[in-house]
Structures are given as C-alpha cells and as structure tokens.
Amino acid sequence: MNIPVTDMPILLLAAGQSSRMRGADKLLQFVDGKPLIRRQADVARAVTRGPVIVALPPAPHPRYDALIGAKVESVPVADAAEGINASLRAGFAAMPAGVDAAMLLLCDLPDLTPDDLAQVATAHDPDSDTLILRGTTQDGRPGHPIVFSARLFERFKNLTGDGGGREVVKAAGTRVVHVPLPGNRARLDLDTPEDWADWRAKRGTT
C-alpha cells in the first residue's frame, strides 16, 4: 500500500516518566520487534519528509539509545517533570520556520499505523478556516494524532502544568475537525504492566 507522504513536521512526546509502570519504561517495551519509542519514530518517519522532533527527558537516558540511527531531532526537555506542557513548549519552539502546520503524537499509542497518521495529515488544508485536525476512535472519541495550524504555535509558548494542550484545543472552538480512525487506535495507551500484559495477550504476542 502506498502511504501518502507529507512535508509536515511531526512532534513526538516522549519525555514522561512512565510513573505507573512500577520501575519499567513503557516507551522501551517492544512492539513489532523494536522499542515503542523507536517504533513510533519510524511510523512518523514513514509519512513525512519533514522533521520528526522527539521531546525527551534530559540526557543521559536509555530512550536516546533506542533512537540511535533513527532520522529524528532529539529535543531534551529540562523541565520535563513539570508535566506534558513543558514538552509542548520545547517541541513547538523547535519547529522550523515557514511551515503551515505540525502534527502532535503521543508516543504511547502502540496501535497507530502510518496510514492513520497519513489520513489525518492529508486532511489538512492550509487555505481553510480549520485550526485543528484530530484523530478520533471509530465511534468519535477524540485522541491522536492532532494537527495544529501554525496559527496556533504561539499559544504553546506559555503553557504550564500537565494540561496536554487542552487549552489550545478548547480555544479553537468549532474550528476543530475530527478524523475517525479504525477501532480504538487513536486512544489506546498502555500505562501499567497490566495494560501491557492484556494488550499482548489479545495480540497473541509476548
């Protein structure tokens, strides 16, 4: 299958602490034969010629090792412990000049595919009034990936806390368009060892 390729930058959020994994790192769990963080970087790389920017905890950290050889730009987030908005500030500050939109993707959604990302990215029309395109579950629940118009980039500069950009999405009001994706892929994240065990059992993997 030919995947539509875009020039849109893609920002991966991978600076969280995996605090609910009881000592393990969810982004280093193996999915499709590689650590999840590398798998997500490769999925992003498959759909864009633009930069793939990965917000990471300060080095040294094993997640950097998982990305060796990946064609990504690593952005250390010095204040990552503050919450997800610290990663959003750092990631959007690293966006190249002149782009009209960027895609945001959480790294802990293991079922998303290059086709899913491409479906949301190719729905972007820079000449429309739409400010946000958001992947949803098949039944319409909002999730990821999310495409933000460059008209919103400035709004990320002063975000604090752990809101995950919800303030920006809410402010966009009716100028948000939902893009349904198959099943629950847009929202299925795995935060605990039990989540991972259940997901692997359903997949028939170990």
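Residues numbered from 1 in each chain as written. Predicted model: local features only at pLDDT ≥ 70, side-chain atom pairs only at ≥ 80, totals over all residues. Heavy atoms only, no water.

**Side note on the overall build of the chain**
- When you go through the chain residue by residue, the secondary structure sums to 6 helices and 9 strands.
- Rg of the C-alpha trace for the chain: 16 Å, near the compact-globule value of 17 Å for 206 residues, within the 12% margin.
- The principal-axis extent of the C-alpha atoms belonging to the chain is close to 45 × 35 × 30 Å.
- For the chain, buried positions account for 50% of its 206 residues.
- Of the contacts formed within the chain by residues at least 6 apart in sequence, a portion of 71% connects residues at least 24 apart.
- Split by element, the accessible area of the chain, about 9800 Å² in all, is 51% carbon and sulfur.
- The average position of the 24 basic charges and that of the 25 acidic charges among the side chains of the chain differ by 1 Å. (Helix = DSSP H or I, 4+ residues; strand = E, 2+ residues; numbered from the N terminus. Rg over C-alpha atoms; globule rule 2.2 N^0.38 Å. Buried < 20%, exposed > 50% of the residue type's maximum accessible area, 1.4 Å probe, protein only. Contact = heavy atoms within 4.5 Å. Areas by Shrake-Rupley, 256 points an atom, 1.4 Å probe, with all protein chains shown as cover. Lys, Arg positive; Asp, Glu negative; His and termini not counted. Charge placed at Lys NZ, Arg CZ, Asp CG, Glu CD.)

**Here's the deal with the nonpolar core**
- Leu-12, Ile-37, Val-54, Leu-67, Met-103 and Leu-117 are the most contacted members of the largest nonpolar core, which totals 39 residues.
- Sorting the residues of this core by element identifies strand E1 (10–13), helix H1 (36–45), strand E4 (52–56), helix H2 (62–66), strand E6 (101–106), helix H4 (114–121) and helix H6 (193–203) as the ones contributing at least two each.
- Here the element with the most residues in this core is H1; it accounts for 5 residues.
- Of all hydrophobic cores here, the second largest spans 26 residues; its members include Ala-15, Ala-80, Ala-102 and Ile-132. (Core = buried A, V, L, I, M, F, W, Y, C linked by side-chain atoms within 4.5 Å.)

**Observations concerning the packing of aromatic side chains**
- This structure, assessed with the given rule, holds 5 aromatic pairs.
- The interplanar angle of 85 degrees and the centroid separation of 5.1 Å between the aromatic rings of Phe-148 and Phe-156 together place this pair among those described as edge-to-face.
- On the basis of relative accessibility, which here comes to 1%, the residue Phe-148 falls in the buried class.
- Here a set of aromatic residues connected by ring pairs shows up, and it is made of Phe-92, Phe-148, Phe-153 and Phe-156. (Phe/Tyr/Trp six-rings, centres within 6.5 Å; stacked < 30°, edge-to-face > 60°.)

**Section: the pattern of salt bridges**
- Enumeration according to the criterion identifies 16 salt bridges in this entry.
- A salt bridge links Arg-20 to Asp-191; its shortest N-O distance comes to 3.4 Å. Residue Arg-20 is located in the loop between E1 and strand E2 (30–31), and its partner Asp-191 is located in the loop between strand E9 (176–180) and H6; the two are separated by 171 residues in the primary sequence.
- Asp-191 gets classed as buried once you look at its relative accessible area, which sits at 15%.
- Between Asp-191 and Lys-26 there is a salt bridge whose closest N-O contact spans 2.6 Å. Taken together, the positions of Asp-191 in the loop between E9 and H6 and Lys-26 in the loop between E1 and E2 put the pair 165 residues apart, joining distant regions of the chain.
- Lys-26 gets classed as buried once you look at its relative accessible area, which sits at 13%. (Salt bridge = Lys/Arg side-chain N within 4 Å of Asp/Glu carboxyl O.)

**Observations regarding the environment of Leu-181**
- Here Leu-181 shows up in the loop between E9 and H6.
- Judged by its relative accessible area of 2%, Leu-181 is buried.
- Spatially, the C-alpha atom of Leu-181 lies 8.8 Å from that of Val-120, the residues being 61 residues apart in sequence.
- If we skip the residues at most four places from it in the chain, Leu-181 touches Leu-112, Asp-116, Gln-119, Val-120, Gly-135, Thr-136, Thr-137, Gln-138, His-144, Pro-145 and Ala-186.

**Some words on unusual backbone geometry**
- Note that the residue after Ala-59, namely Pro-60, is joined by a cis bond; omega there is 0 degrees.
- By secondary structure assignment, the location of Pro-60 is in the loop between E4 and H2.
- Pro-145 follows His-144 through a cis peptide bond whose omega is 5 degrees.
- Take Pro-145: it is sitting in strand E8 (residues 142–149).

**Re H1**
- Most of H1 is tucked away: 8 of the 10 residues are buried.
- Here H1 has its buried residues at Leu-36, Ile-37, Arg-38, Arg-39, Gln-40, Ala-41, Val-43 and Ala-44.

**Quick word on the sheet that holds E6**
- Ordered by their spatial adjacency, 7 strands build an open sheet running E5-E4-E1-E6-E8-E7-E9, and the pairing between neighbours is mixed. The sheet terminates laterally at strand E5 (73–76) and E9, the two strands that pair on one side only. Neighbour-to-neighbour, the strand axes of this sheet turn through a mean angle of 25 degrees, independent of strand direction.
- Of the strand pairs in this sheet, strand E7 (residues 132–136) and E9 are connected by 5 bridges, and their pairing is parallel. Its bridge partner being in E9, Gly-135 is matched across the sheet by Val-179.
- Where helix H3 (residues 84–93) meets the sheet, its contacts fall on E1, E4, E5, E6 and E8, and the angle it forms with E1 comes to roughly 155 degrees. (Pairing = 2+ DSSP bridges. Axes fitted to C-alpha atoms, helices over the stretch in contact; angles between N-to-C directions.)

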